[in-house]
Amino acid sequence: MLIPHPLLGPRDAREFTVMGDAGMIDRPDPAAPDAADRFYEYVYLRDNPAGVHRELWFHEYGDRSWLVVTRNTLTHEIVAVELASDVSAKREKSR
Amino acid sequence: MTRLDGGLIDRSKTLDFSFDGKPFRGHPGDTLASALLASDVRLVGRSFKYHRPRGVYSAGSEEPNALVELGAGARKQPNSRATTVELFAGLEAASQNRWPSLRFDAMAVNDLLAPFLTAGFYYKTFMWPAAFWEKLYEPAIRRAAGLGRLSMLPDPDRYEKGYLHCDLLVVGGGPSGLSAALAAARTGAKVILADEDFRLGGRLLAETACLRDVGTLDWISNLENEFESLPNLRVMRRTTVFGVFDHGIYGAVERVSDHMPAREGPVRQALWQISAKQAILAAGATERPIAFADNDRPGIMLGGAVRAYANRWAACPGKRIAVFTNNDDGHRTALDLIAKGVDIAAVVDVRPEAAALGDYRLVAGGVVSGTRGRMGLSAIEVVSGSRKERIECDVLAVSGGWNPNVHLASNHRGRPAWDEAVQAFLPPLDGPAGLTAAGAASGRFSTSDALLSGARTALGALDSLGIRAAMPDLPDAEGRRSVPAPFFHVPGKRRAWVDFQNDVTVKDIKLAHSENMRSVEHLKRYTTLGMATDQGRTANVTGLAIMAELGGQSIPETGTTIFRPPYTPVNLSVLGGGDTGEHFRPRRLTPTHRWAREQGAVFIEAGQWMRAQYFPQPGESHWRETVDREARAVRRSVGICDVTTLGKIDVQGSDAGEYLNRIYANMIQTLKPGRVRYGLMLREDGFAFDDGTCARLSDDHFIVTTTTANAGTVYRHMEFARQCLWPELDVQLISTTDAWAQITIAGPNSRELLTRLVDGFDLSNEAFPFMACSELSVCGGLRARLFRISFSGELAYELAVPARYGRALMARLMEAGQDLGVTPYGTEALGVLRIEKGHAAGAEFNGQTSPAMLGMDKLVSVKKDSIGALMSRRAGLADERRRLVGLQPVDPAASVIPGAHLFGAGREQTLATDEGWITSACYSPHVGSMIGLGFLENGDARLGEAVVAANPLEGQTVSLKVVPIHFVDPEGGRLRG
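Parameters and conventions
- Residues numbered from 1 in each chain as written.
- Chains lettered and ligands numbered in written order.
- Predicted model: local features only at pLDDT ≥ 70, side-chain atom pairs only at ≥ 80, totals over all residues.
- Heavy atoms only, no water.
- Helix = DSSP H or I, 4+ residues; strand = E, 2+ residues; numbered from the N terminus.
- Expected span 1.5 Å × (residues − 1).
- Buried < 20%, exposed > 50% of the residue type's maximum accessible area, 1.4 Å probe, protein only.
- Pairing = 2+ DSSP bridges.
- Salt bridge = Lys/Arg side-chain N within 4 Å of Asp/Glu carboxyl O.
- Domains from an automatic or database assignment.
- Contact = heavy atoms within 4.5 Å.
- Axes fitted to C-alpha atoms, helices over the stretch in contact; angles between N-to-C directions.
- Parallel < 35°, antiparallel > 145°, perpendicular 65-115°, else oblique.
- Left-handed = near helix turned anticlockwise from the far one by under 90°.
- Nonpolar A, V, L, I, M, F, W, Y, C, P; charged D, E, K, R; others polar.
- Buried area = accessible area lost by both parts, 1.4 Å probe.
- Polar contact = N/O pair within 3.5 Å; in protein donor to acceptor, adjacent residues only side chain to side chain.

Participant: Would you mind showing me how to read helix H18 (residues 711–725) of chain B here?
Facilitator: An α-helical segment advances 3.6 residues per turn. Residues three or four places apart therefore align on the same side. Residue and element names in this part refer to chain B. Given a rise of 1.5 Å per residue, 15 residues ought to cover 21 Å, and the 20 Å separating the end C-alpha atoms of H18 matches this to within 8%. H18 sits mainly inside the fold: 12 of its 15 residues count as buried. Residues Ala711, Val714, Tyr715, His717, Met718, Glu719, Phe720, Ala721, Arg722, Gln723, Cys724 and Leu725 constitute the buried set of H18.

Participant: Looking at this structure, how should I read the pairing of strand S30 (residues 602–606) of chain B?
Facilitator: Along a regular strand, successive side chains alternate from one face of the sheet to the other. All names here are of chain B. The pairing of S30 with strand S31 (residues 609–614) spans 5 bridges and is classified as antiparallel. Opposite Glu605, over in S31, you have Met610 as the bridge partner. A loop of 2 residues connects S30 with S31, the two strands running antiparallel in sequence, and Gly607 in this loop sits at a positive phi of about 65°.

Participant: Would you mind going over the pattern of salt bridges with me for this structure?
Facilitator: Oppositely charged side chains can pair when the atoms bearing their charge come close. All names here are of chain B. Under the criterion given, the structure shown has 74 salt bridges over all chains. Measuring nitrogen to oxygen at the nearest pair gives 2.7 Å for the salt bridge that ties Glu86 to Arg238. Pair noted here: Glu86 is in the loop between strand S6 (77–81) and strand S7 (92–95) and Arg238 is in the loop between strand S10 (233–236) and strand S11 (239–245), with a separation of 152 residues, a long-range link. You can call Glu86 buried: its relative accessible area is 16%. Among the charged side chains, a network of salt bridges with common partners joins Arg52, Arg54, Asp111, Asp294, Asp296, Arg297, Arg494, Arg495 and Asp503.

Participant: Would you explain the domain arrangement of chain B in this entry?
Facilitator: Frequently, the measure chosen for interface size is the accessible area removed from exposure when the parts meet. Split by domain assignment, chain B resolves into domain 1 (159–285 + 404–463), domain 2 (495–563), domain 3 (588–644 + 739–834), domain 4 (647–735) and domain 5 (881–977). Relative to domain 4 of chain B, the C-alpha centre of domain 1 of chain B lies at a distance of 54 Å.

Participant: Is there a simple way to explain the sheet that holds S31(B) in this structure?
Facilitator: Across a sheet, paired strands are connected by hydrogen bonds in the backbone, their directions being either parallel or antiparallel. Residues and elements named next belong to chain B. The sheet built from 3 strands is open, its strands ordered S29-S31-S30 with mixed pairing. Looking at strand neighbours, the two that pair on one side only are strand S29 (588–589) and S30, the edges of this open sheet. In the packing of helix H21 (residues 827–837) onto the sheet, the strands contacted are S30 and S31, and the crossing angle to S31 comes to about 70°.

Participant: Explain the packing of helix H10 (residues 506–514) of chain B against helix H11 (residues 520–527) of chain B here, please?
Facilitator: Between two packed helices, the angle of one axis relative to the other and the distance separating the axes together describe the packing. Residues and elements named next belong to chain B. Two numbers describe how H10 lies on H11: the axes approach to 10 Å, and their chain directions differ by 120°. The angle between H10 and H11 places the two elements in the oblique class. The crossing of H10 and H11 is right-handed. In contact with Asp508, Ile509 and Ala512 of H10, H11 contributes Leu523, Tyr526 and Thr527. Considered class by class, the residues forming the contact of H10 with H11 number 4 nonpolar, 1 polar and 1 charged.

Participant: For this particular structure, what's the right way to read the packing of helix H5 (residues 175–185) of chain B against helix H9 (residues 447–463) of chain B?
Facilitator: All names here are of chain B. The contact between H5 and H9 brings their axes to 7 Å, and the two run at 35°. Helix-helix and strand crossings are classified by hand; for H5 and H9 the assignment is right-handed. Between H5 and H9, the residues in contact are Pro175, Ser176, Ser179, Ala180, Ala183 and Ala184 and Thr447, Ala450, Leu451, Gly454, Ala455, Ala458, Leu459 and Leu462, respectively.

Participant: I would appreciate a short explanation of the sheet that holds strand S17 (residues 343–349) of chain B in the present structure.
Facilitator: Residue and element names in this part refer to chain B. The strand order across the open sheet formed by 5 strands is S15-S22-S16-S17-S18, and the pairing between neighbours is parallel. Two strands close off the open sheet at either side, each with one partner strand: strand S15 (300–302) and strand S18 (362–364). Across the sheet, the mean angle separating the axes of adjacent strands is 20° when strand polarity is ignored. Relative to S18, S17 is paired through 3 bridges, and the arrangement is parallel. Paired with Val347 across the strands is Leu362, a residue of S18. Along the sheet, helix H7 (residues 303–311) contacts S15, strand S16 (320–325) and strand S22 (395–399); its crossing angle with S15, the most-contacted strand, is approximately 85°.

Participant: Help me out: how do you make sense of the interface of chain A and chain B in this one?
Facilitator: Contact with chain A, which involves 33 residues of that partner, is made by 27 residues of chain B. Between chain A and chain B, a total of about 2400 Å² is buried, with carbon and sulfur atoms accounting for 57% of that surface. The largest per-residue losses of area from chain A upon contact with chain B belong to A:Arg27, A:Arg64 and A:Trp66, which jointly make up 26% of the total buried on that side. Linking chain A with chain B are 3 salt bridges. Scanning the region where chain A abuts chain B turns up 15 residue pairs in polar contact (both at pLDDT 80 or more). Elements that contribute at least two residues to the side of chain A that touches chain B include exactly strand S3 (17–21), helix H1 (35–44), strand S4 (52–58) and helix H2 (84–94) of chain A.

Put into structure tokens, the structure is as follows:
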């Protein structure tokens, strides 16, 4: 697979380490009243769809960026790639 | 010798080779198969299951029968297809799957047992008693079946991996591939042309009268000259593109020196990863047989193969040749052979309307109903209408039409589509993006169509890249479009082979069908049709057609199985690409590695690192003796140890303190510059992740250490937290593990030794107490960092200098500490010292332990949030009652074995009564016996109690006393002194 890195262009997937569901970005607020339940979901319940999936990939043998890669798990088509820090920063603003 | 005139062999040179120990001769340009056929060798192997005599069947990589063992000793290569092996002087080949000899094979008795060995026999016959399957039946079947044997020796050859990038990859160097490469390369685009053969041309080399105005060979050689002059075109002969992977990546194997007598090439084979923006599948087509009774005798061959041997290799496989066909190709075979002066016995054409195209006997509307000849064909039985006759011949050329080589196009699950008009499966429309088929691979079988479609497809592919190409001048070529009659097998009671390599007959397919194996996927697995080294290249379509007929379905309704890579077998050794032994993965050496080697150190792998395990001295006969000495030296005077491999992460930024507060379970923000704190990291699920030290050099500058094993994962985790969780924090990370050489100086004399190296730095307890850190200079101006931390429990320091000074620092410490008896120590003594001091390490941080188990639950701050803090307090983990304890044998001579499980004294030993396990153990020279650390149920409340350690693997039980985890200096006076 080739992953089109937003800063570096297409890179071989073997330069990356995958961590799965990009939902890991959305760490719950530990002060929330239902924090225990939300952390349980955050840590243990992951989507694993056959189809379009947002995933976290780490450019471990590259620039050490975490990326959010939107990938079709059936065809391996890569629909979108963003810097995870951008995705996370945007989410912070919208909160 | 049966050599004809002409052919593409160099008769001026002779190559000597051997087959089954007998000497033979061939010429450059020959394959092993053509040289054997030219030497009148017909019997070359035995079949997989019935051990039937078999001969060369094809002239290409689809060969099901002519599999041989090539070479000798460690270089022996089983299951090599004689049809693709390029002949060289000194080649040694041997037949396989026979004993004691090829002509007399004891296992041929299987052929008489055939009624018991039908499809799925092993599912039915060997059912009882059940225990016999694993011990008797399966090993016996495996011995009886099978093809070549491995040498069982390490592979002595070299392999390499490489990466190529191009605009257009052309797979196949036949007429369509050549015209595609020509059209594309003339634009200046980067083009790769790969072909599995050692000579470009494909079927052009095997046929006559393909081109009209120009000699075929002249056209090819002009083309090759032009190719030579184009720097943007890379022609790769002997290169098989074996698979299509994601995003335009193609796997290819180049056989660099397989064809050289001493494999004098730089490597034997190379694995290429080709990234192509566009690709053309010009892989041609494979001829399909027609099944009929006893159609597997040596001498029965594919018609196109007979033509190839006659035309390209001037090798005639027999003296009197008959043809069996359902299309015009069979007639072409007869004409070509007649032109070479070969006797044609008859052409049997299933089509009643067929007409002879030349001067030969034609049996129109006839079929071959049987054959004769034990070790090779001697006659065929022909039925036409009510007439039955016997025709003497030693070769039967069978033509059942051509199957486009769609394999690569359906590597991504796309199913080939049956095209009634050409009676063949064509590449799927939903094949891999960027891959388009041309020529015979797309069902365009005439030379003229192939040439045109190759060039046109190239134009289209380049156009999609914004490159304009022009149609090249192509020679006038034959345009025959022969569609085979839909005729796949001759009905009959006797066995008719469909898959030669796996001995699958029409009967087996019928049996599978009658046992309700109706899906093609079930048919394949039940009968093994299309498995093994040829993957049914000559068998699949015929098998499907027969199945369709049985089920009263059409071929498209029946469908096909999926084509997966590789297209032809790939050696595992080339997939490894030389990454074996020492080169299996990168090896990291510490800055003092060479120094340690000079001291005679014994090394151990720690992840990718090579670390000194211990330093044997003259007179020491056992590693324990060495390790005891090293550990004692640290406790009594001073020892030095390279700890560079521990992960070091530089953390800087105005929010560095806040960031680390969230990373570590314990409080970090309150740490004062110039001080170090122990740090515990949890995973978000609340389990212990890693530990280390956190040193604050200044307000916005920290240095974090990790364990050697987790250096990579901790760094990844910290980057995840920085980028994904808290991008708003002003903090930067960089791994500096390799940048700094770090050496531990431990023992009561460590301060004394260090004083001799520092440049006017006050090391007194008041100025530089336990858990202090500082930047300083040593050895007359070398910048360094000093940390007063201790893993051994002794007064100890870790001194870091730029990595390139690591070795010099080690030497300086040895020199300066000579009178103190300074002793280098390795990872073994390091482990002994830490177990004696009760420090948790990798065995305790195994990913399944909670902070409470490690006795660190109080460390998890409740005044702040940190990763894993909340989950560490959830039910399950908060109730956890196992605690880290020290363990000491009641009998000092007894062994403490890590991994042994702990039980209450006198209690039953079951899973239900299991109370914990031993994590780490060593011989402690300080205690004078073995000691251990382990997790024990309510361990903190059971000090002094005796428990039993059970090691059922070795039938051991040992009585242990539960003791505090600190075997040395429990008050910590030594490290603070």
